[in-house]
Amino acid sequence: MANGKVHKSVFSRISFGAVCVFFAVLQVLSYISGYINPAKAWFMTVFGLLFVPLLLVNIGLLVWGIIRKSWFTIAPAVAILLSLTLAGRFIQFGGGDKPSGPVITVITYNVGHFSCGIATGDKVEVADKTMGYLASSGADIICLQEFYAPGGQEITDYVAQFFPGWSVDYFVSSGTHGSGNVTISRFPSVDRGVHDFEKSANRAVHSDYIIAGRRIRVYNCHFESYNISLSHFVTTRSKVSETETKMERAITRRPRQVEEVLSDIEACSLPSIVAGDFNDNPLSYTYNRLVRGRKDAFVAAGSGFGATYSALWPLLRIDFVLYPELFKVCSYKVDRDAPWSDHYPVITKSSL
């Protein structure tokens, strides 16, 4: 009987140790996933998406290991310590710069074709409420993705109802009545362009503005979507296969789209603000490529969780505003009171 208890105790310790090492290794893989091009190993992106859940599991294992007085506790402890260098991409405790000049407010918002949010089924009502909210926000530049002009209206005519005299640059999927990216600004645009990604319904548009005496380019990006609803996670063989195919397609397309935008940025001498729905998290290859030489507005001035996707809050931050180094980022807010989309609007203030 005593031998049986000893063997059981040894097996329990070894099993606990194996679990600790397993989840610590997964945590490390989540760190390095953002530096591996998903076009070469698409599955690595999944580890990055699991950073927060893995961190919570490792914290739980650390606590349980301390209670058990297990030496294997060192595995989750090391994993957690390493994560501290990246945790600021997910949670912040306030900050921001003092403005050095006129304050400029930039908003990015995926409006979801105005088909989410308040459950009226009336896109015109959702669109009108959304645009009214944005018009009262005090924004200077608004980057919208999945924009749809309701009621068959021309985009410029519809936007002008809420922003009379403002500049409207857009590119949509099928004429002026389709859906796509729209950038609205109180600054007149002096140039514009589109990056219509190959074999994709997603795109990026850029607009040049004169801001505080300087010409600034603003990229409004919508990188490849997963097009997966929560119903896809029902564990039937067909759903799993479909989900895997969609994830692989999105993950491998995004790097090419990012490189297309980066090529334009590098070929342009103007300071560039990069904003929009990246459909990727702050540990991703997409983020790491685009944030180089720029300030993530959330990291610079955020407070609390930065998550922007409502269905999985607080896990996913996929909407970003990245400023050139010359900007002072004064404030950052994710407005969780805006109910009109499955994304939350991101509101940032900065100055030159």
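Look up a bit, the structure's there.
Since this is a predicted model, take the numbers as computed values, not measurements.

A. The arrangement of the overall build of the chain in detail. Of regular secondary structure, the chain possesses 9 helices and 14 strands. Here the C-alpha radius of gyration of the chain, 23 Å, is about what a compact globule of 352 residues would show, namely 20 Å. Structurally, the chain occupies a C-alpha span of about 85 × 50 × 35 Å along its principal axes. Per-residue burial for the chain yields a buried fraction of 51% across its 352 residues. Total accessible area on the chain is roughly 16000 Å²; 61% of this is exposed by carbon and sulfur atoms. Distance between charge centres in the chain, computed from 33 positive and 29 negative side chains, equals 12 Å.

B. Representation of the layout of surface pockets within the structure. Roughly 200 Å³ of internal volume is contained in the second largest pocket. Looking at the second largest pocket, it is lined by 13 residues, and the ones nearest its centre are H113, E146, A201, N202 and H222. Top element by residues in the lining of the second largest pocket is strand β5 (residues 179-185). It accounts for 3 residues. Tallied by class, residues from the lining of the second largest pocket come to 1 nonpolar, 9 polar and 3 charged.

C. Structural context of helix α5 (residues 123-135). If you check α5, its first and last C-alpha atoms are 18 Å apart, about what 13 residues at 1.5 Å a residue would give, namely 18 Å. For α5, the set of buried residues is V126, A127, T130, M131, Y133 and L134. Angularly, the buried residues of α5 cover 155° about the axis, an arc narrow enough to put them on a single face. Where α5 is buried, its residues meet β2 (103-110), β3 (141-148), α6 (155-160), β5 and β14 (346-351).

D. Spotlight on the sheet that holds strand β13 (residues 328-334). What the 6 strands build is an open sheet, ordered β4-β5-β3-β2-β14-β13; its pairing is mixed. One side of each edge strand has no neighbouring strand; the edge strands of this open sheet are β4 (167-172) and β13. On average, each strand axis in the sheet is tilted by 15° relative to the strand beside it, whichever way the strands run. Where β4 lies against β5, 6 bridges are found, and the strand directions are antiparallel. The partner of V168 across the bridge, within β5, is I184. Against the sheet, α5 engages β2, β3, β5 and β14, with an angle of about 170° to β3.

Basis of the calculations
- Residues numbered from 1 in each chain as written.
- Predicted model: local features only at pLDDT ≥ 70, side-chain atom pairs only at ≥ 80, totals over all residues.
- Heavy atoms only, no water.
- Helix = DSSP H or I, 4+ residues; strand = E, 2+ residues; numbered from the N terminus.
- Rg over C-alpha atoms; globule rule 2.2 N^0.38 Å.
- Buried < 20%, exposed > 50% of the residue type's maximum accessible area, 1.4 Å probe, protein only.
- Areas by Shrake-Rupley, 256 points an atom, 1.4 Å probe, with all protein chains shown as cover.
- Lys, Arg positive; Asp, Glu negative; His and termini not counted.
- Charge placed at Lys NZ, Arg CZ, Asp CG, Glu CD.
- 1 Å grid on protein atoms, 1.4 Å probe; cavity = no way out; pocket = protein on both sides within 12 Å on 5 of 7 lines; lining within 4 Å.
- Points joined across faces, edges and corners; volume = space filled by probe spheres on them.
- Nonpolar A, V, L, I, M, F, W, Y, C, P; charged D, E, K, R; others polar.
- Expected span 1.5 Å × (residues − 1).
- Arc of directions from axis to C-beta.
- Contact = heavy atoms within 4.5 Å.
- Pairing = 2+ DSSP bridges.
- Axes fitted to C-alpha atoms, helices over the stretch in contact; angles between N-to-C directions.

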